[in-house]
Amino acid sequence: MRTYYSYFESFEDNLENELRDQNQYLSEAKRLKHMADKESDAINQCMLYLEAVLYFLLTGNAMEQEVVTEKAAFTMYKDTLSVIKYISAKFKSLPSLMSVHSKLAILSYRCQALLFYKLCKMRKQECKEIHKIISEYCSKNAAIPTDQPCPGQGTPSPLSPTPSPAGSVGSVGSQSSGYSSGELATKGGVPPQQTGASPAGGTWIPMAVYSAMVKQNVQFSFMLSFQELWDIADNMIVKGKHTEFFIMLDRHCKPLTMHSSLIELVRYVREGIRRLKKEANEQVPSSSSYK
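Per an unreviewed UniProt entry, the protein chain carries the name AF4/FMR2 family member lilli and comes from Sitophilus oryzae. A UniProt comment under Subcellular location (unreviewed entry) is attached to the protein chain, and it reads "Nucleus". UniProt, in the comment section headed Sequence similarities (unreviewed entry), describes the protein chain in these words: "Belongs to the AF4 family."

Q: What is the right way to look at helix 6 (residues 124–140) in this model?
A: Taking 1.5 Å of rise per residue, the 17 residues of helix 6 would be expected to cover 24 Å, and the 24 Å separating its terminal C-alpha atoms lies within 8% of that figure. Regarding helix 6, the residues found buried are Ile-130, Ile-134 and Tyr-137. End-on, the buried residues of helix 6 take up no more than an arc of 60°, which puts them together on one face. In helix 6, the exposed residues that point more than 90 degrees away from the buried face are Lys-124, Lys-132, Ser-139 and Lys-140.

Q: Hey, could you run me through the pattern of salt bridges in this one?
A: Proximity of charged atoms lets side chains of opposite charge pair with each other. Under the counting rule described, the total for this entry stands at 10 salt bridges. Of the charged contacts, one joins Asp-234 and Arg-110 as a salt bridge, the two residues approaching to 2.7 Å between their closest N and O atoms. Note that Asp-234 is positioned in helix 8 (residues 207–239) and Arg-110 in helix 5 (residues 99–122), a separation of 124 residues in sequence. Arg-123 is the partner of Glu-126 in a salt bridge, and the nearest nitrogen-oxygen pair spans 3.8 Å.

Q: Just to check I follow, could you spell out the confidence of the model for the protein chain for this structure?
A: Low pLDDT marks stretches whose predicted atomic positions should not be read closely. With 69% of its residues at a pLDDT of at least 70, the protein chain reaches an overall mean of 78. For the protein chain, the element scoring lowest by mean pLDDT is helix 7 (residues 181–187), at 40; helix 9 (residues 243–253) scores highest, at 95. In this model residues 192–199 is a low-confidence stretch, pLDDT under 50, and it forms 12 contacts with partners more than four residues away in sequence or in other chains. Below pLDDT 50 for its whole length, residues 286–291 participates in 11 contacts with residues either more than four positions away or in separate chains.

Analysis parameters
Residues numbered from 1 in each chain as written. Predicted model: local features only at pLDDT ≥ 70, side-chain atom pairs only at ≥ 80, totals over all residues. Heavy atoms only, no water. UniProt positions renumbered as here; feature names shortened; annotations may be inferred. Helix = DSSP H or I, 4+ residues; strand = E, 2+ residues; numbered from the N terminus. Expected span 1.5 Å × (residues − 1). Buried < 20%, exposed > 50% of the residue type's maximum accessible area, 1.4 Å probe, protein only. Arc of directions from axis to C-beta. Salt bridge = Lys/Arg side-chain N within 4 Å of Asp/Glu carboxyl O. pLDDT = per-residue confidence, 0-100. Contact = heavy atoms within 4.5 Å.

Now the structure itself:
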């Protein structure tokens, strides 16, 4: 009889439920990272880096529990992503057929994916606000044609004098008015003509809307990275024929999903590393051959 789990069930260790001080986690993370920096064996080094990442995650998780450091947790998670990306670069230098190496890479992709999703969730309220700004702008300006040249792009503004050769005496704006044609256009409420501007159509948008679009793009990149990295891990499991290893890991720890907490992620990856250490010791030739 098969056993299925609900993502509402908790499998967290009591030890991790009793959150330690963030500084304790951070000290352990730094200690493991320094050990990894000095490790000469490639596989052992990747394992140490990944173990350090787990403590960086626990540091961020502890920071979230305190109002004073809650916002700093976001930065901690982003910095942790940089460490994981560095580990991923290490994987590329190892023989691709090594089973342990491949499974470690999968675990690192799972970490990256869920971290990107975590960043997205932490900015959920901001995402709602910027979505409202952009939606309101789009609904109010839905009838504005976007295939017409912007003022100053392709056709002169009606408020701007006809351009004349630079330095010509008596040219409008340079002598009679005291303003250049661009300044005059700006004072008339129309954006200045841009030299070499593309004749392609477009529309001007308020700075607040543009800023919201930039933030929305960042949020979109978080979600896209989550999905892409998750799919990469899935494909590696199937193509690398590692399904048995991860099925057993799923049954022991409960499968990772987008609903998994950071504590569940740490528990899952930690158990995966423990099993891979045992597998690495049993492999012939040993991983030390790939320094």
